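Notes for the structure review
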Amino acid sequence: MSLPLPLPFALPSTAVLAPPWRVQAGWRWASAMVAWLAGVACQLQGAQLGPVWHDGVGGGLALACVAALWRFTASTARSTLALMGLCALLGALTAQGHARWRLAQTLPSSLENQDVRLTGVVASLPQRNPQGVSFVFEVDADSLPALRRPNPVDGGAAAADASQPPERLALGWYTAWGEEGSNRTLLPPVRAGERWALTVRLRRPHGLFNPHGFDRELHLFEQGVRATGSVRRGERLHEAAGHPVQRWRQRVRDRIEAAVPDPRAAGVLTALAVGDQGAIEPEDWSVFRAAGVAHLMSISGLHVTMFAWLAAGLIGWAWSRSVWAVGRCPAPWAARWGGCAAAAGYAVFSGGGVPAQRTVWMLLVVTVLYTSGRRWPWPWVLLAAAVVVTAVDPWALLQPGFWLSFTAVALLMLSSGAEAGEPVWDGPSSGRGAPSAPVSRWQAGAAALRRSLREGWRTQWVATGGLAPLSLVFFQQLSVVGLLANLVAIPVVTLVITPLALLGIVWPGWWTAGAWLVQQLGTGLGWLAAWPGAVWAAPVAPGWAQAAGLVAGVLWMAQVPWSLRALAVPLMLPLLWPPTLAPPEGAFEVLAADVGQGTAVLVQTRRHVLLFDAGPTYSRQSDAGQRVLLPLLHALGHTRIDRLMLSHRDADHVGGALALLRGLPVGSLWSSVEASHPVIVEAQALGVPLQRCDAGQAWQWDGVHFEVLHPPPADHARPLRPNAISCVVRVRNVDGHTSLLLAGDIEKAQEAALVRAHGAALASTVLMVPHHGSRTSSTAGFLDAVRPSVAVVQAGHHNRFGHPAPSVAQRYQDRGIALHGSPRCGAWRWHSNTPVQAATCERSLRRRYWHWQDAVKIGDDASLLSDP
């Protein structure tokens with residue numbers, strides 16, 4: 001018999017209509033869960049945490065809601081509102097408590113960039129790369145006092161005692177490297193679970209901050225990492241000091257690498273077996289993303305759920321064959337709880353990533369409801385699971401994986417025709433319906449195969465079509481070949497390759513078979529990803545277009561008449577082709593990207609784009625073009641770069657150029673770089689027109705005037721340093737009243753030459769500070785000639801050059817020039833048809849309490865620019 005639905009969770013009855021002032025219990029509790037999620041979401045919008053007494057006020061309001069619940073009659077509208085208020089307050093206070101606990105672990109600013117001696121244990125799988133190794137380091141208790149040094153800037157000893165030292169550090173141990181790979185040092189092997197004594201140089205978490213960019217500070221905050229740093233030297237103390245699961249994962253990864261000669265196949269098997277996504281090569285990730293199967297190559301919710309399903313099936317089959325076991329616990333219960341436990345074990349073994357944790361909590365909620373006899377409808381179950389997930393991890397609401405996981409389940413239920421009031425768990429068969437005619441085993445097998453194929457197709461259609469709007473909202477791209485690729489990849493990866501990766505732990509021969517399948521699958525996916533138009537990319541859409549696209553996805557998947565489904569097409573169009581805002585004729589927009597220690601400035605007119613410099617190289621596998629500029633250009637809707645200008649050959653100005661040339665069409669490349677440079681050679685191979693930048697060159701785009709002021713043509717033939725022949729460009733709007741001076745890396749001699757040649761005509765509204773604010777530039781005579789209202793310096797946080805130099809910052813301050821640096825400002829953005837005081841700093845626009853705490857608002861005094 002099916003278990004009855006308990007009264008507190010009953011759905012609205014269709015037989016008896018309740019008075020309009022009463023709320024049925026099912027909707028009452030659903031509203032309460034929605035209120036909880038709304039309370040958590042509101043807390044996540046805070047730019048900073050308020051004082052502790054705010055929590056007391058919230059607790060008092062919660063008690064008032066409890067009193068109202070006591071006074072008002074149950075199931076009335078007033079009682080429901082009181083319950084919603086209570087749950088919203090509890091959700092916000094829970095998230096607030098998590099945040100206070102995390103923020104209490106703070107590295108004193110006086111310890112930043114200071115060598116500190118610590119002992120601790122490697123708490124994660126070390127991630128290896130050509131430059132070294134990175135890992136999470138848990139500090140031993142007896143070393144924590146070294147991270148609590150009193151700091152007069154923070155308020156002396158009292159302030160130091162009020163905070164807890166960070167216990168989890170994200171460390172990198174790197175070799176020296178250069179353009180020729182010289183001066184490399186050999187690092188000792190680092191393995192999970194080892195205890196080390198390390199001399200480290202730490203800093204508070206700080207990441208690049210660009211429009212629509214990845215929030216690294218949120219990622220570290222959610223992982224509980226409250227300081228980052230680099231290892232100066234170290235000594236291994238013990239090989240097996242803790243974290244047995246991590247040591248087991250390390251052994252499995254080492255065995256896979258030893259058993260599989262193909263490193264790319266070994267990387268995929270390692271990612272599927274132990275959750276080490278860093279083992280997959282960057283070029284393979286590019287193929288997987290283009291083919292729309294990247295979600296399969298990590299321990300995602302799909303893998304954990306499939307593992308739980310297989311474990312539940314095996315446990316249920318074995319349990320049902322034991323009379324003793326069935327007599328003490330029903331086989332379905334044992335299967336559910338066994339599958340849940342297996343999923344939890346798999347999640348722990350795979351590294352316990354946030355997506356896996358969310359899936360385990362979802363499965364646990366469903367299992368508890370099932371065994372307690374509460375046959376909730378599927379929307380109620382999803383809400384309950386979301387409440388539990390956000391109670392444990394409030395910041396999950398900000399992760400795309402959270403919304404993709406829950407939306408996928410909801411769309412599957414919606415597309416199957418399940419009503420909102422239909423329970424998720426049907427319980428044991430109650431004998432309803434007429435007895436079916438006997439069928440043969442072959443007929444039953446054929447029918448089961450047809451059902452599986454039909455269900456598989458429906459699942460693929462939902463996963464690809466129904467989640468397309470969310471993919472565009474979160475990632476601004478959609479794999480056009482994803483439906484075809486997933487039809488093969490999902491069953492092959494989930495049902496074959498992943499089990500082989502796990503079975504290889506018992507017998508390594510399974511890894512050989514898995515590696516062969518990975519190679520064949522990779523070949524097919526590479527072929528699909530190479531199709532013209534395999535990926536549809538769109539700029540970030542406005543909020544109304546995103547909402548319309550999400551409604552379109554629901555309509556398309558719902559079991560509604562086709563006349564309503566047809567509305568999904570026009571609703572989806574604004575998300576596929578969102579409107580983009582361009583400056584009016586005669587005006588321009590400037591975006592100084594946050595690329596770290598380097599330069600990259602985007603200048604957009606109504607129909608053209610100029611990119612001045614391409615940012616630095618971060619490592620042999622990463623640069624500003626790949627990590628920052630290409631995603632930024634795509635998000636802003638720029639499908640080509642009309643002119644790429646590289647001021648000079650230094651790596652912090654041309655580091656991302658190769659990625660840009662390969663990633664977007666480039667109309668022309670202007671530079672002072674020699675013809676033998678790899679960027680110039682690549683541009684010639686791609687057929688990009690080349691032009692040397694010489695003083696006197698000028699052009700006009702959409703009513704905006706561009707003029708090259710430096711270097712003189714004769715300087716290219718002289719034996720000068722690269723900085724001395726850096727391109728300098730001035731941009732002026734149609735009336736000439738607002739202008740931008742892009743100064744590159746010129747120094748004192750070049751500044752003096754410009755003043756002699758142009759004098760007061762150098763006057764500009766905005767100056768991109770020469771040479772990142774070094775002592776060899778920004779001379780008094782040059783600043784007096786340019787007379788900018790605002791100066792912007794692009795430099796790295798705590799960069800080793802000390803840019804901008806304090807004496808240079810003082811020079812700007814003495815002249816009343818507002819100075820903005822990318823470490824505190826993030827990306828700087830200004831429309832030339834608005835006052836320069838209306839320019840925006842990305843850190844101010846998206847400020848949240850988990851972000852770097854020393855950020856200041858735009859327009860603050862220049863003396864605050866230098867790092868403490």
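You'll find the structure just up there.
Described below are features of the structure shown in this document. (Residues numbered from 1 in each chain as written. Predicted model: local features only at pLDDT ≥ 70, side-chain atom pairs only at ≥ 80, totals over all residues. Heavy atoms only, no water.)

**Digging into the sheet that holds strand S16 (residues 690-692)**
Spatially, S16-S15-S14-S11-S10-S9-S24-S25 is the arrangement adopted by the eight strands of the open sheet, whose pairing is mixed. Whereas interior strands pair on both sides, the edge strands pair on one side only; in this sheet they are S16 and strand S25 (840-841). As defined by bridge partners, strand S14 (residues 643-646) adjoins strand S15 (residues 669-671) across three bridges and the pair is classed as parallel. Bridging across to S15, Met 645 finds its partner in Trp 670. (Pairing = 2+ DSSP bridges. Helix = DSSP H or I, 4+ residues; strand = E, 2+ residues; numbered from the N terminus.)

**Description of the pairing of strand S20 (residues 739-742)**
A two-sided burial pattern is seen for S20, the buried positions comprising Ser 739 and Leu 741 on one face and Leu 740 and Leu 742 on the other. Relative to S20, strand S19 (residues 728-732) runs antiparallel, the two being bridged by four bridges. Looking at S20, one finds that Arg 732 is bridged to Ser 739. Linking S19 to S20, which pair antiparallel, is a turn of six residues; within it Gly 736 sits at a positive phi near 75°. As judged from the three bridges shared by S20 and strand S21 (residues 766-768), these two strands associate in the parallel manner. (Buried < 20%, exposed > 50% of the residue type's maximum accessible area, 1.4 Å probe, protein only.)

**Overview of helix H25 (residues 678-685)**
Along H25, the positions that sit buried rather than exposed are Val 679, Ile 680, Glu 682 and Ala 683. Buried residues of H25 fall within an arc of 160° about the axis and therefore sit on the same side. Along H25, exposed side chains directed more than 90 degrees from the buried face belong to Pro 678 and Ala 685. Contact partners of the buried residues in H25: S14, helix H23 (651-654), helix H24 (657-663), S15 and S16. The positive-phi residue at the C-terminal boundary of H25 is Gly 687, with phi of around 75°. (Arc of directions from axis to C-beta. Contact = heavy atoms within 4.5 Å.)

**Comments concerning empty space enclosed by the protein**
Using a probe with the size of a water molecule, rolled over the atoms, empty space left in the structure can be pinpointed. Under the defined criterion, the tally for this structure stands at six cavities of 30 Å³ or more. What lines the second largest cavity is Thr 599, Val 601, Phe 612, Leu 742, Ala 743, Gly 744, Met 768, Val 769, His 772, Val 792, Val 793 and Gln 794. By residue class, the composition of the lining of the second largest cavity is eight nonpolar, four polar and no charged. (1 Å grid on protein atoms, 1.4 Å probe; cavity = no way out; pocket = protein on both sides within 12 Å on 5 of 7 lines; lining within 4 Å. Points joined across faces, edges and corners; volume = space filled by probe spheres on them. Nonpolar A, V, L, I, M, F, W, Y, C, P; charged D, E, K, R; others polar.)

**Brief notes about the state of the cysteines**
Scanning the entire structure with this criterion turns up two disulfides. Disulfide pairing is shown between Cys 825 and Cys 841; the S-S distance is 1.9 Å. Between Cys 825 and Cys 841, the S-S dihedral sits near -105°, and the bridge is therefore left-handed. Note that Cys 825 is positioned in helix H29 (residues 822-825) and Cys 841 in strand S25, a separation of 16 residues in sequence. Cys 841 shares its class with Cys 825; the two are buried. Ordering the disulfide-forming cysteines of the protein by sequence position, one finds them joined as 1-2, 3-4. Cysteine Cys 87 is unpaired, with the sulfur of Cys 65 as its nearest cysteine sulfur at 9.2 Å. (Disulfide = S-S within 2.5 Å.)

**Quick look at the pattern of salt bridges**
Evaluated as defined, the whole model comprises 24 salt bridges. Arg 718 is paired through a salt bridge with Asp 715; the nearest N and O atoms lie 3.0 Å apart. On the basis of relative accessible area, Arg 718 is assigned to the partly exposed category, the value being 47%. Residue class for Asp 715 comes out buried when judged on its relative accessible area of 11%. Sharing partners across several salt bridges, the network here consists of Asp 115, Arg 201 and Arg 232. (Salt bridge = Lys/Arg side-chain N within 4 Å of Asp/Glu carboxyl O.)

**Points about the side chain of Arg 643**
Tracing the backbone shows Arg 643 in strand S14. Buried and unpaired, Arg 643 has Asp 642 as its nearest opposite-charge partner, separated by 8.4 Å. Within the structure, the side chain of Arg 643 is placed 3.0 Å from the side chain of Ser 668, a separation counted as a polar contact. Residues contacting Arg 643, with those up to four places away along its chain left out, are Val 609, Leu 610, Leu 611, Ser 668, Trp 670, Trp 699 and Trp 701. (Lys, Arg positive; Asp, Glu negative; His and termini not counted. Polar contact = N/O pair within 3.5 Å; in protein donor to acceptor, adjacent residues only side chain to side chain.)

**Observations concerning the packing of helix H8 (residues 282-291) against helix H18 (residues 509-529)**
Pairs of packed helices are described in terms of their axes, by the angle between the two and the distance that separates them. For the pair H8 and H18, the least separation of the axes is 9 Å and the interaxial angle reads 65°. For the pair H8 and H18, the crossing hand works out as left-handed. Every residue of H18 that contacts H8 at Val 287, Phe 288, Ala 290 and Ala 291 is listed here: Leu 525, Gly 526 and Ala 529. When its residues are assigned to classes, the contact of H8 with H18 shows six nonpolar, one polar and no charged. (Axes fitted to C-alpha atoms, helices over the stretch in contact; angles between N-to-C directions. Left-handed = near helix turned anticlockwise from the far one by under 90°.)

**Some remarks on the pairing of strand S6 (residues 227-238)**
Note that strand S4 (residues 168-174) and S6 share four bridges and pair parallel. Within S6, the position partnered with Leu 169 by the bridge is Ala 227. Sheet topology note: the strand S5 (residues 195-203)/S6 ladder contains nine bridges and is antiparallel. Across the sheet, residue Thr 199 finds its bridge partner in S6, namely Arg 233.

**Some remarks on the side chain of Gln 476**
Within the element layout of this structure, Gln 476 appears in the loop between helix H16 (468-475) and strand S7 (477-479). You can call Gln 476 buried: its relative accessible area is 14%. Ignoring anything within four residues of it in the chain, the contact list for Gln 476 reads Ser 471, Trp 536, Ala 537, Ala 538, Pro 539 and Val 540.

**Points about helix H3 (residues 77-103)**
If you check H3, its first and last C-alpha atoms are 39 Å apart, about what 27 residues at 1.5 Å a residue would give, namely 39 Å. The complete set of buried residues in H3 reads Ser 79, Thr 80, Ala 82, Leu 83, Leu 86, Cys 87, Gly 91, Ala 95, Gln 96, Ala 99, Arg 102 and Leu 103. (Expected span 1.5 Å × (residues − 1).)

**Details of the sheet that holds strand S23 (residues 818-821)**
The seven strands lie next to each other as S17-S18-S19-S20-S21-S22-S23, forming an open sheet whose pairing is mixed. With one partner strand each, in any of the chains shown, strand S17 (698-701) and S23 form the two edges of the open sheet. Averaged over all pairs of adjacent strands, the angle between strand axes in this sheet comes to 20°, irrespective of strand direction. Bridge analysis of S17 against strand S18 (residues 704-710) gives four bridges, and the strand direction is antiparallel.

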